[in-house]
Amino acid sequence: MFSNPNLVREGSRLYARSLVPGFKVHGERLLEKNGAEWREWNPNQSKLGAAVMRGLKTGIPVGASVLYLGAANGTTPSFVSDLVGADGAVFCVEISARAMRDLIRVCEKRGNMLPILGDARKSETYAAELPSHVDFVFEDVADPAQARILIENARFLRKGGVAMIAVKARCVSSVKEPETVYKTVEAELSRTFEIVEKMRLEPYEQDHEFLVLRKR
Ligand SMILES: C[S@@+](CC[C@H](N)C(=O)[O-])C[C@H]1O[C@@H](n2cnc3c(N)ncnc32)[C@H](O)[C@@H]1O
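Cut-off values and rules
- Residues numbered from 1 in each chain as written.
- Predicted model: local features only at pLDDT ≥ 70, side-chain atom pairs only at ≥ 80, totals over all residues.
- Heavy atoms only, no water.
- Salt bridge = Lys/Arg side-chain N within 4 Å of Asp/Glu carboxyl O.
- Helix = DSSP H or I, 4+ residues; strand = E, 2+ residues; numbered from the N terminus.
- Buried < 20%, exposed > 50% of the residue type's maximum accessible area, 1.4 Å probe, protein only.
- Pairing = 2+ DSSP bridges.
- Axes fitted to C-alpha atoms, helices over the stretch in contact; angles between N-to-C directions.
- Contact = heavy atoms within 4.5 Å.
- 1 Å grid on protein atoms, 1.4 Å probe; cavity = no way out; pocket = protein on both sides within 12 Å on 5 of 7 lines; lining within 4 Å.
- Points joined across faces, edges and corners; volume = space filled by probe spheres on them.
- Nonpolar A, V, L, I, M, F, W, Y, C, P; charged D, E, K, R; others polar.

Chemist: What am I meant to see in the pattern of salt bridges here?
Modeler: Side chains that carry opposite charge are capable of pairing whenever their charged atoms lie near each other. This model, assessed by the stated rule, comprises 16 salt bridges. One salt bridge connects R29 with E40, and the closest N-O pair in it is separated by 2.9 Å. Pair noted here: R29 is in the loop between strand 2 (13–17) and strand 3 (30–33) and E40 is in strand 4 (residues 36–40), with a separation of eleven residues, a long-range link. A residue is classified by how much of its surface remains accessible, and E40, at 15% relative accessible area, is buried. Salt bridges sharing common partners tie together E28, R39, D82 and R110.

Have a look at this one:
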């Protein structure tokens, strides 16, 4: 597991130091330790949390800027917000107006999170709300064109910046074997990125491959 002062693992449990003590995002357990409040990060409800538990080596450091595609109600984005801390930023793109209502509630409490109601397939529609470049792009969008969406949003990633994606085999193809899907997705992404880490997310998620990529 990568090292970040705002993240600890104790056995099978993962905790992030809360940027907003006392505020829960999804009913998570809170823990007081050494004068700080830590939020339990459930890897069964977060693909990034699952990747951390599976030994993710590439860290999201304090102060990083992150473009998060498929932010939903803000659960995993809130943990990314804890990791990057007050000097970092998490730009949260979400297509669903229903999810956006919850996401806004989270962003109002967390000064480093910005909600963007938008379609990740149309990056030009939210380009004006982003800085010229970010350090990370994270994608968790259920769309058969997942790879194409990440490549399109790589325009916001600085050269050498890192992209992370949870490939959902059953969403890309319901008939092909997951291994076949992963190979096709990896080949598509390889034109824009170098693959630096890859892992399966079992037992936390079935038929998901987590890829860490560096922009060429
Ligand atoms: C699996 S959920 C994300 C969960 C979230 N990443 C977490 O761990 O807390 C996928 C989200 O992607 C959103 N989504 C689907 N297509 C999208 C698109 N084209 N642009 C932006 N968001 C999209 C869905 O509305 C849904 O909220």
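Still more ground to cover, so stick around.
Chemist: Sorry, what's going on with the sheet that holds strand 4 here?
Modeler: The strands making up a sheet are joined through hydrogen bonds of the backbone, oriented either antiparallel or parallel. Spatially, 1-2-4-3 is the arrangement adopted by the four strands of the open sheet, whose pairing is antiparallel. Two strands lie at the open edges of the sheet, namely strand 1 (7–10) and strand 3, each paired on one side alone. Across the sheet, the mean angle separating the axes of adjacent strands is 35 degrees when strand polarity is ignored. For strand 1 and strand 2, the ladder comprises four bridges, and the chain directions are antiparallel. Looking across to strand 2, one finds that L7 is bridged to A16. The strands touched by helix 2 (residues 75–84) are strand 1, strand 2 and strand 4; relative to strand 4, the strand with the most contacts, the crossing angle is about 145 degrees.

Chemist: I tried to follow the layout of surface pockets on my own but got confused; where do I start?
Modeler: Empty space among the atoms becomes visible once a probe the size of a water molecule is rolled across them. Within this model, the largest pocket holds a volume of roughly 370 Å³. Residue lining of the largest pocket: 26 residues in total, with G70, E94, D140, V141 and A142 positioned closest to the centre. When the residues that make up the lining of the largest pocket are grouped by side-chain class, the tally is ten nonpolar, eight polar and eight charged. For the second largest pocket, the calculated volume is near 150 Å³. Put simply, the parts of the chain that give the lining of the second largest pocket at least two residues each are helix 4 (146–153) and helix 6 (178–189). When residues of the lining of the second largest pocket are assigned to their parent elements, the largest contribution, four residues, is made by helix 6. Split by residue class, the lining of the second largest pocket holds six nonpolar, three polar and three charged.

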